[in-house]
Amino acid sequence: MPELDVETRLANLEAKEEVRAFIAAYCATVDRIGKIGDLVDLFTEDAVLRNPAGVHAGRPAIEAYFTAFFADGMQASRHHALNQVITVLQPGVARHEASFIALLGRDGESKIVFGRYEDIVVKQEGAWRFKDKGNHIAAATSLEVSWVEGFGSAGAS
């Protein structure tokens, strides 16, 4: 693989930091329950959101998913992205991979969700947006049950 010039290396580092800030903004926006429009604005018009509830293609489908998700007794939400790996695929296009922990308050119950983000983000009109957003759940449980119970056999790997 050829050595990248200084300008390209600097541009890649700047892009990675911008993507890291974008993901932090996504987590903060998800945690502002009910701000569906702000959340949907983080996706391209033709974006795809993949999660255990299915594949949601396009902003209208993504908006419908988030509207239903937050209408279902959600009282509190705190998302944390961990162990982020950002790979610049080409200028304005990057892959983001990270573990996540989401602490949720729903219907009087304290839930903990462990999972993985696998995203493709693109820079459009000076702003990063999700082109393909993967929210994969590894384990989910409640504080009442114990966080380790949610892992079942998955925790052994």
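Residues numbered from 1 in each chain as written. Predicted model: local features only at pLDDT ≥ 70, side-chain atom pairs only at ≥ 80, totals over all residues. Heavy atoms only, no water.

**Q** Quick one: what's the story with the overall build of the protein chain, residue by residue and with numbers?
**A** Helix and strand content of the protein chain: 3 helices and 6 strands. Reading the secondary structure of the protein chain in the N-to-C direction produces α-α-β-β-α-β-β-β-β. Radius of gyration (C-alpha) of the protein chain: 17 Å, near the 15 Å computed for a compact globule of 157 residues. Counting the 157 residues in the protein chain, one finds 37% classified as buried. Excluding contacts between residues fewer than 6 apart, the proportion of contacts in the protein chain whose partners are at least 24 apart in sequence is 51%. Roughly 8,700 Å² of accessible area belongs to the protein chain as shown, and the carbon and sulfur atoms make up 55% of that amount. The averaged location of the 22 negative side-chain charges in the protein chain is 1 Å from the averaged location of its 16 positive side-chain charges. (Helix = DSSP H or I, 4+ residues; strand = E, 2+ residues; numbered from the N terminus. Rg over C-alpha atoms; globule rule 2.2 N^0.38 Å. Buried < 20%, exposed > 50% of the residue type's maximum accessible area, 1.4 Å probe, protein only. Contact = heavy atoms within 4.5 Å. Areas by Shrake-Rupley, 256 points an atom, 1.4 Å probe, with all protein chains shown as cover. Lys, Arg positive; Asp, Glu negative; His and termini not counted. Charge placed at Lys NZ, Arg CZ, Asp CG, Glu CD.)

**Q** If you had to explain helix α1 (residues 6-31) to someone new, which residues and values would you point to?
**A** The terminal C-alpha atoms of α1, which comprises 26 residues, lie 38 Å apart, in line with the 38 Å expected from a rise of 1.5 Å per residue. Within the span of α1, buried status applies to Ala 15, Val 19, Phe 22, Ile 23, Tyr 26, Cys 27, Thr 29, Val 30 and Asp 31. Where α1 is buried, its residues contact α2 (36-40), α3 (59-71), β3 (74-90), β4 (93-106), β5 (109-124) and β6 (127-142). (Expected span 1.5 Å × (residues − 1).)

**Q** Talk me through the pairing of β3; I want residue IDs and the actual numbers.
**A** Where β3 meets β4, 13 bridges bridge the pair, whose relative direction is antiparallel. Considered in β4, the bridge of His 80 is made with Ile 101. Between the antiparallel neighbours β3 and β4 lie 2 residues, among them Gly 92 with a positive phi of about 85°. (Pairing = 2+ DSSP bridges.)

**Q** Which residues make up the layout of surface pockets, and what values go with them?
**A** Within this model, the largest pocket holds a volume of roughly 370 Å³. Tyr 65, Phe 69, Leu 104, Val 113 and Ile 137 are, among the 21 residues lining the largest pocket, the residues nearest its centre. Mapped onto the lining of the largest pocket, the elements with two or more residues apiece are α1, α3, β4, β5 and β6. Its boundaries defined by the atoms lining it, the second largest pocket holds a volume of some 190 Å³. Taken together, 10 residues line the second largest pocket, and the ones lying closest to its centre are Thr 8, Asn 12, Val 88, Gln 90 and Pro 91. With 4 residues, α1 is the largest single contributor of residues to the lining of the second largest pocket. (1 Å grid on protein atoms, 1.4 Å probe; cavity = no way out; pocket = protein on both sides within 12 Å on 5 of 7 lines; lining within 4 Å. Points joined across faces, edges and corners; volume = space filled by probe spheres on them.)

**Q** I'd like to hear about the environment of Arg 106, residue by residue, with values.
**A** Mapped onto the elements, Arg 106 comes out in strand β4. For Arg 106, a relative accessible area of 15% gives the class buried. Separated by 33 residues in the primary sequence, Arg 106 and Gly 73 have C-alpha atoms spaced 5.2 Å apart. Other than its neighbours up to four places away in sequence, Arg 106 contacts Phe 69, Asp 72, Gly 73, Met 74, Gln 75 and Lys 111.

**Q** Which residues make up the nonpolar core, and what values go with them?
**A** Formed by 30 residues in total, the largest nonpolar core has its most connected members in Tyr 26, Phe 43, Phe 66 and Phe 130. Taken together, the elements giving at least two residues each to this core come down to α1, α2, β1 (43-51), α3, β3, β4, β5 and β6. Sequence-distant contacts of Phe 130, defined by excluding residues within four places in its chain, comprise Phe 22, Ile 23, Tyr 26, Leu 42, Phe 43, Thr 44, Ala 47, Asp 119, Ile 120 and Val 121. (Core = buried A, V, L, I, M, F, W, Y, C linked by side-chain atoms within 4.5 Å.)

Nothing here speaks to function; it is geometry throughout.
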